[in-house]
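Results of the structural survey
Spelled out from the first residue to the last, the chains are:
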Amino acid sequence: MEKDRSSHVLFFPVPSQGHMNPMIKLAELLALSGFRITFLNSHHNHERLLKFTNMAAHFERYPGFEFDTITDGLPRDHPRTGHWFLEMYEEAPEMKTKHSLRDMLVNISPPVDCLIVDAFLGFALDVAGELGIPIICFRTSSPCCFWTSYYIPDMIQAGELPINGSEYMDRLITTVPGMETHFRCRDLPSYCRAPDMEDAFVKLVVKQTRKCVQANALILNTAEELDGPILSQIRTRCPNVYAIGPINALLKSRVNAKHGQSYDHFSNTLWQEDKSCISWLDKQPDRSVTYACFGSITSMSREQLIELWYGLVNSKSKFLLVVRPNSVIGEDGEGEDDLKAHFNKNKDQGYIIDWAPQEAVLNHPAIGGFLTHSGWNSTLEGVAAGVPMICWPYFADQQVNSRVVSEVWKIGLDMKDVCDRKILEKMVNDVMVDRKEEFAKAAAEMAKLTYQSVSVGGSSYCNLDRLIEDIKEMSL
Ligand code: UDP
């Protein structure tokens with residue numbers, strides 16, 4: 001029997017920038033199709049979004065779109081810097097959030113017909129099961145990361161993990177189906193480097209990864225054209241997978257197809273964007289600038305920042321560098337401020353900011369290369385914009401993503417596990433000067449494929465239609 005109201009979907013991301021961004025875009029995509037949406041932010045992030053974005057004005061256009069807030073389980077005065085959100089997974093904070101979610105779902109009106117939760121919030125599956133609400137997990141990191149994490153127990157059993165010394169780092173992995181040809185131990189997600197597989201974080205990743213396949217379905221931010229072989233493998237364990245990425249590009253395409261207008265970009269940013277960099281880029285020749293940015297969590301040492309800076313300065317290219325406040329950790333607690341002040345003297349070649357309007361930057365004609373930490377959102381944003389990448393991965397899925405970029409898609413270079421200005425200089429020159437046309441052509445082809453996948457009739461476009469129909473079905 002048809003319901004007399006639209007389906008109500010509640011979104012619940014892990015409260016970090018990289019997890020929230022694709023989730024809010026999917027929420028907007030569903031709102032465009034007439035769903036009622038409740039989007040849950042942590043209290044802390046909600047305050048920052050109100051401060052730094054035009055959230056209220058942007059979402060006014062969707063009458064059934066509401067934001068609500070929930071505890072992240074930590075005290076209000078917790079600093080929430082670095083890898084703070086891992087603390088949320090400790091038993092007490094997690095229970096606090098779990099109970100709040102349960103209370104909210106019991107009392108919310110109209111009732112929630114379907115939950116779309118971050119695949120790292122396994123407790124939500126327990127709550128959904130208890131209340132009989134269909135649940136779909138959204139894993140916001142890369143499919144290769146999901147798949148290698150799923151196989152950690154098998155790699156342990158086969159003796160591939162733990163990695164028994166640096167001489168094994170370049171050995172190809174053999175236990176993860178579909179990943180035997182290009183991936184070395186070095187390219188596994190960073191937590192696979194733990195000397196002991198009883199490590200708490202490794203156990204958490206395995207638990208959450210194995211648990212999320214119990215949901216009604218799994219959403220991944222990728223396209224069949226980008227990750228087809230791995231998606232086929234994942235479907236052997238988790239039959240109902242929706243590949244609906246790159247989600248930022250899909251949202252633009254969908255607004256255009258449905259409303260014949262260009263997307264009025266909403267930046268879900270937790271920091272103040274410095275838009276002055278766009279005027280600086282406007283003055284630079286086409287494809288002449290390297291954009292260097294390392295996401296929302298990565299911190300680096302002063303040594304890394306200095307090598308990074310001289311690698312860029314000694315290259316032949318101009319650059320736009322983002323150094324997030326408090327992201328540089330000195331041994332004696334010294335941060336990045338003095339270095340930034342010193343670097344800022346060289347404004348002709350390099351422009352430094354605290355936080356970028358990243359999508360606008362990547363799509364600016366002056367950008368010719370992206371020096372990235374290889375976070376999955378950044379990677380996909382770079383792919384969709386057709387920008388070749390130099391990957392300098394730090395942790396989590398970044399190690400595997402950088403390998404995909406360099407060896408599977410061949411749209412960039414991977415400088416994992418080195419911190420050397422000379423190597424960086426050479427890689428920047430390769431991408432921006434010496435092998436510029438080769439990389440630009442490969443990146444443009446990849447961008448074309450993703451454009452096709454998000455256009456009407458393309459794979460991601462159709463997978464989203466299927467998701468929409470399936471949620472309506474679940475809600476009956
Ligand atoms: N981002 C941004 N401005 C910046 C740095 C990052 O808008 O200066 C956005 C970026 O566009 C991406 C997200 O923050 O959507 C970072 O996600 P990603 O998965 O790349 O990395 P994480 O921050 O999770 O390590």
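Remember, predicted model here, so these are calculated numbers, not experimental data. (Residues numbered from 1 in each chain as written. Predicted model: local features only at pLDDT ≥ 70, side-chain atom pairs only at ≥ 80, totals over all residues.)

**Side note on the packing of helix H6 (residues 143-150) against helix H8 (residues 200-212)**
Between H6 and H8, the shortest axis-to-axis distance is 9 Å and the interhelical angle comes to 105°. When the interaxial angle is binned, H6 and H8 end up roughly perpendicular. Facing Phe 146, Ser 149 and Tyr 150 of H6, the residues of H8 in contact are Val 205, Val 206, Thr 209 and Arg 210. Taken together, the residues of the contact of H6 with H8 sort by class into four nonpolar, two polar and one charged. (Axes fitted to C-alpha atoms, helices over the stretch in contact; angles between N-to-C directions. Helix = DSSP H or I, 4+ residues; strand = E, 2+ residues; numbered from the N terminus. Parallel < 35°, antiparallel > 145°, perpendicular 65-115°, else oblique. Contact = placed C-beta atoms within 7 Å. Nonpolar A, V, L, I, M, F, W, Y, C, P; charged D, E, K, R; others polar.)

**A short note on the site of the ligand**
In the region of the ligand, 19 residues are neighbours, and Gly 18, Gly 295, Ser 296, Gly 375 and Ser 378 sit closest. Elements with a contribution of two residues or more to the shell around the ligand: helix H1 (17-32), helix H14 (358-362) and helix H15 (376-385). Of all the elements, H15 adds the most residues to the shell around the ligand, at four residues. Residue classes in the shell around the ligand are distributed as six nonpolar, eleven polar and two charged. (Near = placed C-beta within 6 Å.)

**A word on H6**
Most of H6 sits out of view: eight of its eight residues are buried. Listing the buried residues of H6 in full gives Pro 143, Cys 144, Cys 145, Phe 146, Trp 147, Thr 148, Ser 149 and Tyr 150. Check the buried side of H6 and you find it contacts strand E5 (135-139), helix H7 (152-157), H8, strand E6 (217-220), helix H9 (224-235) and helix H16 (398-408). (Buried ≥ 20, exposed ≤ 12 C-beta atoms within 10 Å, placed from the backbone.)

**Things to note about the confidence of the model for the protein**
When pLDDT is averaged along the protein, the result is 94; 98% of the residues meet or exceed 70. With a pTM of 0.96, the predicted complex shows an ipTM of 1.00. (pLDDT = per-residue confidence, 0-100.)

**Details of the nonpolar core**
Within the largest apolar cluster, 128 residues are counted, with the highest numbers of intra-cluster contacts made by Phe 11, Leu 115, Ala 124, Leu 320 and Ile 390. No other element matches H1, which puts eight residues into this core. Discounting chain neighbours no more than four positions away, the residues touching Leu 115 are Leu 10, Phe 12, Ala 124, Ala 128, Ile 133 and Ile 135. (Core = buried A, V, L, I, M, F, W, Y, C linked by C-beta atoms within 7 Å.)

**With respect to the pairing of E6**
Burial along E6 is two-sided: the face carrying Ala 217 and Ile 219 and the face carrying Leu 218 and Leu 220 are both buried. Where E5 and E6 come together, four bridges link them in parallel fashion. Bridging from a neighbouring strand, Phe 138 pairs with Ile 219 of E6. Relative to strand E7 (residues 241-243), E6 runs parallel, the two being bridged by three bridges. Paired with Ile 219 across the bridge in E7 is Tyr 242. At this point the chain moves from E6, through H9, to the parallel E7, and the crossover so formed is right-handed. (Pairing = 2+ DSSP bridges. Right-handed = clockwise from strand over helix to strand, strands pointing away.)

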